[in-house]
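Examining the three-dimensional arrangement
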Amino acid sequence: MRREQVDFVKNVSSSDAAFQLADVYSKLNQLNNTIRALNLQVKTLTAVVNNLTNISQTCDGRKIITDCNEVHSDESGIFSLKICAGPVYNVYCNQSFKDGGWLVVYNRYNENNNIFNRTWHSYEQGFGLPDGEHFIGLKRLHALTYGSTYEIAFILSINSEENFGIYNHFEIDNQDDRYAIKNIGSPSGYMRLFSNTEQLYKFQTFDRNKLHPLARDTMIDEACAFWFIDMPSSHDSSGFKLFCQNLRYLKIMIRKL
C-alpha cells in the first residue's frame, strides 16, 4: 500500500498554530529573562573577584600597593607590596627624598656586619626588616625592574654628611646571569658607583663570585656583596676595601618612572 505524504502544516488548524506561536514567544521571553539574570550574576561575580584581587588592605590593616608611587602621603613608612603573582611583601617607602615614591631595596647604617655577611642564597631571597637594615632580595629586585622603567638612587651617609648618585634607568637580569645590571642609565648627583657602564656588573658574594682571592677575603671581613665586574686575575686591594667599607653606610632606593 502506498503511503500518502502528510502535510503537517496543512493539517494544523489556525487555532493550534496560534497556540504554538504563543508558546514559542513565551519560551523566548523566559529565555531572555534567564539570560538577563545570568548576566547580572556574572557582573556580580566579576565585581567580587576584582574586589578580592585588588583588595586594598592586609589583615594587619596595611595598604597593598604595587609601587611606592601609589602612596598618597607625605609620610614614609611600611607598606605591603604585591609583586606579580608572588606573595605580599612588606617594604619601606621613602616619601622625603626627591618628591617621594622611592622603594628602599637596601639599607645599611650601623656597621653591623652580621646582618650582611650572608651567602648568595640569602641575597637572592632577601633579609632584614623593612624599617631597619635590610635587603629586598635579588629575585624581587629582578621581578620589579626587568622590562620596567625604574631609576635608582644610591645615598651614602657618613658622619652626618650625605652624598647621593641617581641613575635614570636601572634593570637587572635573572639568576642565570647572576643578576647582572642589564641597563644603567645616565648619572646625576655627586656620587658614581659604576665607573664604566659599558662593562657588565654582576652581583657577587663571598661564596659565589669571579673575583681575585684577595677580594673574597675582604668580602668576608667587611660583609661585602655588590655588583662588581668579573676580575679574577687583578685586584685593587685598598680601593676595593674602601668601597666595601662604604657599603656599611649605603641606602639604595628605586622609583618607577
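Residue numbers here run from 1 along each chain, matching the order of that chain's written sequence. This being a predicted model, a pLDDT of at least 70 is required before a residue's local features are given, and a value of 80 or more before pairs of side-chain atoms are given or counted; all residues contribute to the totals for chains, interfaces and linings. The side-chain quantities take in all heavy atoms of the structure and omit both hydrogens and water.

So, the environment of Gly 189
Where we set the bar: Going along the chain from the N terminus, every DSSP run of H or I of four or more residues is numbered as a helix, and every run of E of two or more is numbered as a strand.
Relative to the helices and strands, Gly 189 resides in strand S11 (residues 187-189). C-alpha of Gly 189 to C-alpha of Phe 164: the two residues are 25 residues apart in sequence and 5.8 Å apart in space.

Points about the nonpolar core
The condition is simple: What we call a nonpolar core is a set of buried Ala, Val, Leu, Ile, Met, Phe, Trp, Tyr and Cys residues that are connected through their side-chain atoms within 4.5 Å. To sort residues, take the accessible area from a 1.4 Å probe on protein chains only and compare it with the maximum for the residue type: under 20% means buried, over 50% means exposed, and anything in between is partly exposed. Two residues form a contact once any of their heavy atoms are found within 4.5 Å.
Residues Phe 154, Phe 194, Phe 226, Trp 227 and Leu 250 are the most contacted members of the largest nonpolar core, which totals 51 residues. It is strand S7 (residues 150-158) that provides the largest number of residues to this core, a total of four residues. The residues touching Phe 226, leaving out its near neighbours within four places in the chain, are Phe 154, Leu 193, Phe 194, Lys 202, Phe 203, Gln 204, Phe 243, Leu 247, Leu 250 and Ile 252. In this structure, Phe 97, Ile 155, Phe 164 and Met 253 belong to the second largest nonpolar core, which totals eight residues.

Side note on a nonpolar patch on the surface
Spelled out, the test is: Patch criteria: residues need more than 30% relative accessible area and no salt bridge. Like-charged residues are merged within 9 Å; nonpolar side chains of Val, Leu, Ile, Met, Phe, Trp and Tyr are merged within 5 Å. Areas reported as accessible are Shrake-Rupley estimates using a 1.4 Å probe. Residue values count occlusion only from the protein chains shown. For this analysis, a salt bridge means a side-chain nitrogen from Lys or Arg found within 4 Å of a carboxyl oxygen belonging to Asp or Glu.
Taken together, the side chains of Leu 21, Val 24, Tyr 25, Leu 28, Leu 31 and Ile 35 make up a nonpolar region of the molecular surface, amounting to roughly 570 Å² of accessible area. Looking at where Leu 31 falls in the secondary structure, it is placed in helix H2 (residues 14-53).

Things to note about the side chain of Asn 209
The condition is simple: In protein, a polar contact requires one atom able to donate a hydrogen and another able to accept it; more generally it is a pair of N or O atoms within 3.5 Å, and residues adjacent in sequence count only if both atoms are side-chain atoms.
Looking at the secondary structure, you find Asn 209 in the loop between strand S12 (201-204) and helix H6 (213-222). A polar contact of 2.7 Å, which involves the side chain of Asn 209, links it to the backbone oxygen of Thr 205. Of note is the side chain of Asn 209, whose polar atom sits 3.2 Å from the backbone oxygen of Phe 206. Among residues more than four places away in sequence, those in contact with Asn 209 are Gln 204, Arg 216 and Met 219.

So, unusual backbone geometry
Non-glycine residue Asp 99 carries a positive phi angle of around 75°. Locating Asp 99 in the fold gives a position in the loop between strand S3 (89-94) and strand S4 (102-107).

What about the side chain of Asn 107?
By the element assignment, Asn 107 lies in strand S4. Here Gly 132 takes part through its backbone oxygen, which lies 3.5 Å from a polar atom of the side chain of Asn 107.

Quick word on the pattern of salt bridges
Any two side chains of opposite charge can pair, on the condition that their charged atoms come close. With the rule as written, the count across this model stands at five salt bridges. One salt bridge connects Lys 182 with Glu 171, and the closest N-O pair in it is separated by 4.0 Å. Remark: Glu 171 occurs in strand S9 (residues 170-172) and Lys 182 occurs in strand S10 (residues 181-184); sequence separation between them is 11 residues. Of the residues examined, Lys 182 reaches a relative accessible area of 46% and is grouped as partly exposed. Where Asp 230 meets Arg 178, a salt bridge forms, and the shortest distance between an N and an O atom there is 2.7 Å. On the criterion of sequence distance, the pair formed by Asp 230 in the loop between strand S13 (226-229) and helix H7 (237-246) and Arg 178 in the loop between S9 and S10 is long-range, its members being 52 residues apart. Judged by relative accessible area, which is 8%, Arg 178 ranks as buried.

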